[in-house]
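Here are the chains, one letter per residue:
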Amino acid sequence: MAAAALIEVSMEKTMSSQSARLAPAPAAFDRLVLTGFMGSGKTTIGALLAKHLGWTFLDLDHEIERRTGQTVPGLFAQHGESHFRRLESSALASVLGRRHVVIALGGGVPEELGNRLLLEQTPRTAVVYLEAPFEELLERCLRQPNATERPNLADTVLAAQRFARRQRHYEHLARFRVVTTGRTALETLDDVLAVALR
Ligand SMILES: Nc1ncnc2c1ncn2[C@@H]1O[C@H](COP(=O)(O)OP(=O)(O)O)[C@@H](O)[C@H]1O
Ligand SMILES: O=C(O)C1=C[C@@H](OP(=O)(O)O)[C@@H](O)[C@H](O)C1
Ligand SMILES: [Mg+2]
């Protein structure tokens, strides 16, 4: 079995052995929203966090794929990024209507002003920014089995420019910032729980 798959299995085991002990839900929020660049761990940590809290996990990319019946790379290839961004904004508005959810955003969500306003104005919603330097994020993405599936990572120079452009938006939206540099996913989960539940 590949190393990445082994990590997934061992995390799954850890989580299921802990599932009898749900963490208390955050009293102040009905929605925890994970933001950050590609590879920051929004999808991975979001799923673990939701399991821990006994909340529903919604990944915005998966939500778009479910609604359209197409994959994210397929949508980019067939209709272009601006079409994908419109689908993303509409999916965001819809998932923010749910309660007791952990939402993993796509890395590009905070670039759109309308999305930022929606996130800021939805009550009882806390945004958690998962931070790491660009080089570490790139390495993590390249280690994933679906490494080539992120359309906006194909050109690393452009990806670095996106990273630089987005950083201030991630920071501005964040109620909590969690530095993930050099941490394992499970350590990051603990760090997120510590800030969101305190
Ligand atoms: N500290 C960490 N926190 C979260 N994920 C990490 C960490 N270290 C390594 N990873 C790995 O990085 C990858 C993050 O991918 P993913 O969750 O899809 O990110 P995103 O949804 O933000 O693009 C996963 O393969 C995960 O196991
Ligand atoms: O940063 C981006 O522009 C994108 C990030 C991806 O999500 P992740 O951040 O979950 O990889 C996905 O929405 C799409 O490939 C575009
Ligand atoms: Mg993701």
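Where an unreviewed UniProt entry is consulted, the protein appears under the name Shikimate kinase, with the organism given as Bryocella elongata. Here is the UniProt Subunit (unreviewed entry) comment for the protein, exactly as written: "Monomer." For the protein, the Function (unreviewed entry) comment in UniProt is given as "Catalyzes the specific phosphorylation of the 3-hydroxyl group of shikimic acid using ATP as a cosubstrate."

1. Section: the confidence of the model for the protein
With 89% of its residues at a pLDDT of at least 70, the protein reaches an overall mean of 91. In the model, residues 1-10 has pLDDT below 50 throughout and makes four contacts with residues more than four positions away in sequence or in other chains. Here residues 12-19 is modelled with pLDDT under 50, and outside its nearest four sequence neighbours on either side it reaches four contacts, counting other chains as well. Two summary scores accompany this predicted model of the complex, namely pTM at 0.92 and ipTM at 0.99.

2. Comments concerning the sheet that holds strand S3 (residues 101-104)
The strand order across the open sheet built from five strands is S2-S3-S1-S4-S5, with neighbouring strands paired in parallel fashion. Looking at which strands have only one partner, the edges of the open sheet turn out to be strand S2 (56-59) and strand S5 (176-179). Sheet twist, expressed as the mean angle between neighbouring strand axes with direction ignored, is 20°. Two strands pair when backbone bridges link them, and strand S1 (residues 31-35) and strand S4 (residues 125-131) are joined in this way by five bridges, in the parallel orientation. Among the inter-strand pairings, Arg31 is bridged to a residue of S4, identified as Thr125. Here helix H2 (residues 42-53) sits on the sheet and contacts S1, S2, S3 and S4; the angle it forms with S3, its principal contact strand, is near 175°.

3. Some words on the site of ligand 2
Lining the immediate surroundings of ligand 2 are Met38, Lys42, Thr43, Asp61, Val72, Gly106, Gly107, Gly108, Arg150, Pro151 and Asn152. A breakdown of the residues in the shell around ligand 2 according to their chemical character gives three nonpolar, five polar and three charged.

4. Focus: the UniProt feature "binding site: substrate" (unreviewed entry) in the protein
UniProt annotation of "binding site: substrate" (unreviewed entry) refers to Asp61, Arg85, Gly107 and Arg166 when read in the numbering used here. Looking at where Asp61 falls in the secondary structure, it is placed in helix H3 (residues 60-68). Setting aside its immediate chain neighbours within four residues, Asp61 contacts Val72 and Gly106. Note on placement: Arg85 falls in helix H5 (residues 81-95). For Arg85, a count of 17 C-beta atoms within 10 Å translates into the label partly exposed. Beyond its immediate stretch of four places on either side in the chain, Arg85 contacts Gly108 and Glu112.

5. Overview of the site of ligand 1
Neighbouring residues of ligand 1: 17 residues in total, closest Gly41, Lys42, Thr43, Thr44 and Arg140. Among the elements of the structure, H2 and helix H9 (185-197) are those that each provide at least two residues to the shell around ligand 1. In terms of residue count, the dominant contributor to the shell around ligand 1 is H2 (four residues). Of the residues contributing to the shell around ligand 1, the split by class is four nonpolar, 10 polar and three charged.

Conventions and cut-offs
Residues numbered from 1 in each chain as written. Chains lettered and ligands numbered in written order. Predicted model: local features only at pLDDT ≥ 70, side-chain atom pairs only at ≥ 80, totals over all residues. UniProt positions renumbered as here; feature names shortened; annotations may be inferred. pLDDT = per-residue confidence, 0-100. Contact = placed C-beta atoms within 7 Å. Pairing = 2+ DSSP bridges. Helix = DSSP H or I, 4+ residues; strand = E, 2+ residues; numbered from the N terminus. Axes fitted to C-alpha atoms, helices over the stretch in contact; angles between N-to-C directions. Near = placed C-beta within 6 Å. Nonpolar A, V, L, I, M, F, W, Y, C, P; charged D, E, K, R; others polar. Buried ≥ 20, exposed ≤ 12 C-beta atoms within 10 Å, placed from the backbone.

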